[in-house]
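A structural walkthrough
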Amino acid sequence: MKINWGTGIVISFALFMSFILYFVFKVQSNHKYDNELVTEDYYKQELAYTKEMNKEQNAVDMAVQVVITKTNEGITVDFPKDFDSSKIKGKVSLYRPSNQKLDFEVPISLSSPHLLIPKSNLVGGLWDISVDWNYEGKDYLNKQVVSF
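I will try to describe carefully the structure that is included in this document. Just so we're clear, the structure is a prediction, and the values are computed from it rather than from any experiment. (Residues numbered from 1 in each chain as written. Predicted model: local features only at pLDDT ≥ 70, side-chain atom pairs only at ≥ 80, totals over all residues. Heavy atoms only, no water.)

This next bit is on the nonpolar core. If you look at soluble globular proteins, the nonpolar side chains tend to sit buried side by side. If you look at the biggest cluster of nonpolar residues, it comprises 25 residues, and the most contacted ones within it are Phe79 and Trp133. Secondary-structure elements contributing two or more residues to this core are β2 (74-78), β3 (88-95), β4 (104-108), β5 (114-118), β6 (126-135) and β7 (138-147). In this structure, Phe79 is in contact with Val66, Ile88, Ile108, Leu110, Pro113, Leu115, Val131 and Trp133, ignoring residues within four places of it in sequence. (Core = buried A, V, L, I, M, F, W, Y, C linked by side-chain atoms within 4.5 Å. Buried < 20%, exposed > 50% of the residue type's maximum accessible area, 1.4 Å probe, protein only. Helix = DSSP H or I, 4+ residues; strand = E, 2+ residues; numbered from the N terminus. Contact = heavy atoms within 4.5 Å.)

Here we take up the sheet that holds β3. One open sheet accounts for four strands, arranged β4-β3-β6-β7; its pairing is antiparallel. Of all the strands in the sheet, the pair left with one neighbour each is β4 and β7. Sheet twist, expressed as the average angle between the axes of neighbouring strands with direction ignored, equals 15°. Relative to β6, β3 is paired through eight bridges, and the arrangement is antiparallel. Bridge pairing links Val92 to Val131 in β6. Here helix α3 (residues 49-60) sits on the sheet and contacts β6 and β7; the angle it forms with β7, its principal contact strand, is near 85°. (Pairing = 2+ DSSP bridges. Axes fitted to C-alpha atoms, helices over the stretch in contact; angles between N-to-C directions.)

Summed over the entire model, instances satisfying the criterion amount to five salt bridges. Ionic pairing is found between Lys55 and Asp132, a salt bridge with its closest N-O pair at 3.1 Å. Linking Lys55 in helix α3 with Asp132 in strand β6, this pair joins segments that are 77 residues apart in sequence. Classification of Lys55 as buried rests on a relative accessible area of 14%. Among the ionic pairs, Lys91 bridges to Glu105, the shortest N-O distance being 3.4 Å. Placement of the pair is Lys91 in strand β3 and Glu105 in strand β4, with a sequence separation of 14 residues. Since its relative accessible area comes to 49%, Glu105 is described here as partly exposed. Put simply, Glu52, Glu56 and Lys143 are held in one network by salt bridges that share partners. (Salt bridge = Lys/Arg side-chain N within 4 Å of Asp/Glu carboxyl O.)

By themselves these figures say nothing about function.
Rendered as structure tokens:
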């Protein structure tokens with residue numbers, strides 16, 4: 001039996017597609033490959049995106065910005081000095097892109113305009129930090145990436 005060029009090309013395409021589909025099904029069915037979303041409530045967060053953008057714009061429009069810095073003691077979040085520290089409420093979310101199990105939140109309750117997140121709570125690597133805070137009824141959101 002002789003195979004012409006057309007039949008050979010069709011057979012090679014079919015074999016190649018079978019090869020690719022085999023690996024797609026293998027990755028999708030094997031629990032070793034983690035296929036979860038980056039965050040648990042991804043779709044809820046997407047619905048709140050407009051509100052988040054307004055908070056970020058409020059933070060940008062401030063005369064004195066919130067400063068997030070890496071120090072020897074950990075990570076410090078410095079709020080504007082002209083704000084009454086006791087009226088600042090909210091949370092600092094630390095998100096680790098490489099490992100969801102290391103994510104945590106720190107509530108904001110201040111007696112001075114500085115918040116310290118101790119080095120003992122942090123593992124070395126890249127951290128996405130979100131400071132979601134409220135002062136006198138106005139919401140703010142500051143985001144920064146810090147490598148620790």
